[in-house]
Amino acid sequence: MVQTQRSRPAVAELREMIDAALEECLRLGVGCPPALQEAIRYSVLGSGKRLRPRLVLMAAQACGGDVVSALPVACAVELVHAYSLVHDDLPAMDDDDLRRGRPTCHKAFGEATAILVGDALLTQAFGILAERVQPPEVAALCCGELARAAGACGMVGGQAADLESESGGGDVELLESIHRRKTGAMLRVSLRLGGIVAGADAERIDALDRYGTKLGLAFQITDDLLDAAGNQDAAGKRVGKDHRRGKLTYPGLLGVEESRRRATALVDAAIDSLAPFGNRAMELSALARYILERDR
């Protein structure tokens, strides 16, 4: 089914659809120990922004696709994102004790359970793609795209490079290389997957990819700005920790004002990439502007 412009769900409705679908995806059955089930739900069904699954659905809309058919993909992306946060917060990684305004998974349930939560979410994500995306060849394509984005040359590789950067040194080129993988890869694949399940052609997939590349860097700059000069209540996590750990950041290299200027230029370029979609990309344009305002 192809949606008409009039039938497109509003942003608030998209969020409700995503939350309901995630709830259903996390009914894991009697084989899952209750304590693990509780920790999994705690880590996913909190107050997250649902940015990545929203990008999946908005990209599908922009390509004239059916949002309902894209929901399994949106859920898979969010589960991978949730797993990455649970593992990144561990003492061996970023050592955070606050996420989305409440204790991180390992603080609430213990480190061993947090590791298992991440493992369970990652495998559940690929199970959802394999079982719920049709036709099978599209499911296989989605699995490959997500595996590359989340793996050793994507998100995981970016996190490893980020940890290595704490030893000192580095420039903007290195920083961009880190965040094109650590943050940008999952934003890009969210958009690509939305286009794929909508049956978009290569031109539109490429346009979504360009938008995602610029958006990912802008997102990371504003994230760095939040840590450098933001409010803990607004951020939902501890601020100032990057500076204390000596991490490579945009404000640390460029200063706050130049970082904001660069983020603005990236958002403008991201929106320009949406030209092939016309009015179908209004939600994606608005979302890019919202990301720019995160550190204000």
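Residues numbered from 1 in each chain as written. Predicted model: local features only at pLDDT ≥ 70, side-chain atom pairs only at ≥ 80, totals over all residues. Heavy atoms only, no water.

Engineer: I'd like a description of the environment of Arg-262, backed by residues and values.
Structural biologist: Among the secondary structure elements, Arg-262 is positioned in helix 15 (residues 256–272). Here Arg-262 falls in the partly exposed class, since its relative accessible area comes to 23%. Along the sequence, Arg-262 and Cys-75 sit 187 residues apart, while their C-alpha atoms lie 31 Å from each other. (Helix = DSSP H or I, 4+ residues; strand = E, 2+ residues; numbered from the N terminus. Buried < 20%, exposed > 50% of the residue type's maximum accessible area, 1.4 Å probe, protein only.)

Engineer: With reference to specific residues and values, describe the environment of Cys-142.
Structural biologist: By the secondary structure assignment, Cys-142 is in helix 7 (residues 136–150). Taking the C-alpha atoms as reference points, Cys-142 and Val-197, separated by 55 residues in sequence, lie 8.2 Å from one another. What Cys-142 contacts, discounting residues up to four positions off in sequence, is Val-73, Leu-129, Leu-193, Ile-196 and Val-197. (Contact = heavy atoms within 4.5 Å.)

Engineer: Go over the packing of helix 11 (residues 202–229) against helix 16 (residues 282–292) with me, naming the residues and quoting the values.
Structural biologist: At a minimum axis separation of 9 Å, helix 11 and helix 16 run at an interaxial angle of 20°. The pairing of helix 11 with helix 16 is recorded here as roughly parallel in orientation. Viewed along their axes, helix 11 and helix 16 form a crossing whose handedness is left-handed. Taking contact as the criterion, the partners of Leu-208, Tyr-211, Leu-215, Ala-218, Phe-219 and Thr-222 in helix 11 are, on helix 16, Leu-284, Leu-287, Ala-288, Ile-291 and Leu-292. (Axes fitted to C-alpha atoms, helices over the stretch in contact; angles between N-to-C directions. Parallel < 35°, antiparallel > 145°, perpendicular 65-115°, else oblique. Left-handed = near helix turned anticlockwise from the far one by under 90°.)

Engineer: Explain the side chain of Thr-183 to me, and be specific about the residues and the numbers.
Structural biologist: Looking at the element boundaries, Thr-183 is found in the loop between helix 9 (172–182) and helix 10 (184–197). With near-sequence residues (within four places) excluded, Thr-183 lies in contact with Gly-216, Phe-219 and Gln-220.

Engineer: Can you tell me about the confidence of the model for the protein chain, naming the residues and giving the values?
Structural biologist: Across the protein chain, pLDDT averages 90, with 90% of residues at or above 70. Across residues 1–6, confidence stays below pLDDT 50; counting only partners more than four residues off in sequence or on other chains, it has 13 contacts. (pLDDT = per-residue confidence, 0-100.)

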